[in-house]
Amino acid sequence: MSNGISGKVIVITGASSGLGECTARHLSALGAILILGARRTERLQTLVTELEKQGGKAIAVATDVTRKEQVEALIKTAVEKFGRVDVLLNNAGLMQQSRLDSLKTDEWDNMIDVNLKGTLYGIAAVLPYMQAQKSGHIINVSSVAGHKVTPAGSVYCATKHAVRAISEGLRSEVKEWNLRTTIISPGAVATELTDHITEKEIGQGMRDFYKQHAVGPDSFARIVEFALSQPAEVDINEILYRPTSQE
Ligand code: NDP
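Residues numbered from 1 in each chain as written. Predicted model: local features only at pLDDT ≥ 70, side-chain atom pairs only at ≥ 80, totals over all residues. Heavy atoms only, no water.

Draft legend 1. Region of interest: the overall build of the chain. Along its length, the chain carries seven helices and seven strands. Going from the N terminus to the C terminus, the chain shows its helices and strands as β-α-β-α-β-α-β-α-β-α-β-α-α-β. Relative to the 2.2 N^0.38 estimate, which gives 18 Å for 247 residues, the radius of gyration of the chain is 17 Å and therefore close to what a compact globule would have. If one aligns the C-alpha atoms of the chain with their principal axes, the spans along those axes are about 50 × 40 × 35 Å. Counting across all 247 residues of the chain, residues that qualify as buried make up 51%. Long-range pairs, those at least 24 residues apart, make up 70% of the contacts in the chain between residues at least 6 apart in sequence. (Helix = DSSP H or I, 4+ residues; strand = E, 2+ residues; numbered from the N terminus. Rg over C-alpha atoms; globule rule 2.2 N^0.38 Å. Buried < 20%, exposed > 50% of the residue type's maximum accessible area, 1.4 Å probe, protein only. Contact = heavy atoms within 4.5 Å.)

Draft legend 2. Examining the site of the ligand more closely. Not every one of the 31 residues close to the ligand is listed here, only the nearest: Ser16, Arg39, Tyr156, Thr191 and Tyr210. The separation between an oxygen atom of the ligand and a polar side-chain atom of arginine 40 is 2.8 Å. Between the ligand and lysine 160, the relevant distance is 2.9 Å, taken from an oxygen atom to a side-chain nitrogen or oxygen of the residue. Among the elements of the structure, helix 1 (18-29) and helix 5 (154-173) are those that each provide at least two residues to the shell around the ligand. (Near = heavy atom within 4 Å. Polar contact = N/O pair within 3.5 Å; in protein donor to acceptor, adjacent residues only side chain to side chain.)

Draft legend 3. Representation of the side chain of serine 167. Relative to the elements of secondary structure, serine 167 occurs in helix 5. Note on serine 167: relative accessible area 1%, which makes it buried. Not counting residues within four places of it along the chain, the set of residues in contact with serine 167 comprises Asn140, Thr181 and Ile183.

Draft legend 4. Geometry of helix 5. The end-to-end C-alpha distance of helix 5 is 28 Å, a good match for the 28 Å that 20 residues give at a rise of 1.5 Å each. Every buried residue belonging to helix 5 is among Val155, Tyr156, Cys157, Thr159, Lys160, Ala162, Val163, Ser167 and Leu170, and all of these are buried. Where helix 5 is buried, its residues touch helix 4 (105-133), strand 5 (137-141) and strand 6 (180-186). (Expected span 1.5 Å × (residues − 1).)

Draft legend 5. Layout of the environment of leucine 193. Among the structural elements, leucine 193 can be located in the loop between strand 6 and helix 6 (200-213). Through-space distance from the C-alpha of leucine 193 to that of methionine 111 is 12 Å; in sequence the pair is 82 residues apart. Excluding residues within four positions of it along the chain, leucine 193 makes contact with Gly93, Leu94, Met95, Tyr156 and Tyr210.

Draft legend 6. Expanded view of the packing of helix 4 against helix 5. Running from amino to carboxyl end, helix 4 crosses helix 5 at an angle of 15°, the nearest separation of the two axes being 8 Å. Between helix 4 and helix 5, the crossing angle belongs to the class labelled roughly parallel. Helix 4 and helix 5 meet at a crossing whose hand is right-handed. Contact residues: Trp108, Met111, Ile112, Asn115, Leu116, Thr119, Leu120, Ile123 and Leu127 in helix 4; Val155, Tyr156, Thr159, Lys160, Ala162, Val163, Ile166 and Leu170 in helix 5. When the residues that make up the contact of helix 4 with helix 5 are grouped by side-chain class, the tally is 13 nonpolar, three polar and one charged. (Axes fitted to C-alpha atoms, helices over the stretch in contact; angles between N-to-C directions. Parallel < 35°, antiparallel > 145°, perpendicular 65-115°, else oblique. Left-handed = near helix turned anticlockwise from the far one by under 90°. Nonpolar A, V, L, I, M, F, W, Y, C, P; charged D, E, K, R; others polar.)

Draft legend 7. Representation of the environment of glutamine 246. Mapped onto the elements, glutamine 246 comes out in the segment after strand 7 (238-241). Using a relative accessible area of 14% as the deciding quantity, one classes glutamine 246 as buried. If we ignore the near neighbours within four places in the chain, the residues touching glutamine 246 are Gly187, Ala188, Phe209 and His213.

Draft legend 8. Representation of the nonpolar core in the model. In this structure, Val11, Ile35, Ile75, Val85, Val126, Leu127 and Ile138 are the most contacted members of the largest nonpolar core, which totals 39 residues. The set of elements that each furnish at least two residues to this core consists of strand 1 (9-13), strand 2 (33-38), strand 3 (57-62), helix 3 (68-82), helix 4, helix 5 and helix 6. Considering every element that reaches this core, the biggest residue donor is helix 4, with eight residues. With sequence-adjacent residues up to four places away left out, valine 126 is seen in contact with Ile75, Val85, Leu88 and Ile138. (Core = buried A, V, L, I, M, F, W, Y, C linked by side-chain atoms within 4.5 Å.)

Draft legend 9. A look at the sheet that holds strand 6. Ordered by their spatial adjacency, seven strands build an open sheet running 3-2-1-4-5-6-7, and the pairing between neighbours is parallel. A strand with exactly one partner marks an edge of an open sheet, and here the two such strands are strand 3 and strand 7. This sheet shows a mean twist of 15° between the axes of neighbouring strands, independent of strand direction. Against the sheet, helix 4 makes contact with strand 4 (87-90) and strand 5, and its axis sits at roughly 175° relative to strand 4, the strand it touches most. (Pairing = 2+ DSSP bridges.)

Shown next as structure tokens:
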């Protein structure tokens, strides 16, 4: 019996670490064909080699999601090599927490460019193909930060609220093409996400919090599997989850 994943052509952005990397391993073991995008191509290539050794099928495509044409090329590669694109996991993201009065406007730009515009570029690149196929599934990664706003988290939270707003809008617009859309909103998951916070104290506070509470990225991969493996007529709209100990 089909697991709903074997043979599917699945594009993952931000596949070079954390949630994307773990999900690539998980879906490859379930038989997915993977097109993996990120900027750190060496890491992507190492992952592809590992997956191939285990009998998987994957390719790496250098992709900066802030560059519209690179996101288009990522999706185009999937279609050219494998004839279609079944799933986009719009996962690339960046968290640089700071208080607004620190005026870290470059970091605000970074987060808006990667988390918000990057997600939109993914949708823009994949939607015409999925509409033509009359099938497809777009999974956008939001966060607990897409449900509440924390001190020093204003801009990150704003981008993740926006991801949910866009996903909900998308969901309501793609009925006639049979497309599914899912938002996954994780709590603290142990990845490299907290490494990019430049405010020393805030960064340390986040890392301490993560040390205490964070769960493994396999939690996320299992949720992606759950959403993808539903029958075609069932669309998992959103999953919000946290480590059991996280407030
Ligand atoms: P990581 O920092 O481990 O991974 C982030 C990924 O995003 C990397 O693969 C990175 O690849 C990629 N990325 C960053 N900037 C760009 C860019 N400009 N172009 C392409 N890829 C980019 O963190 P996570 O795995 O935790 O993050 C994945 C997603 O999960 C993010 O959207 C994050 O906001 C979200 N999330 C994470 C939570 C957590 O607690 N870990 C909780 C809630 C949501 P590279 O640098 O090679 O380009």
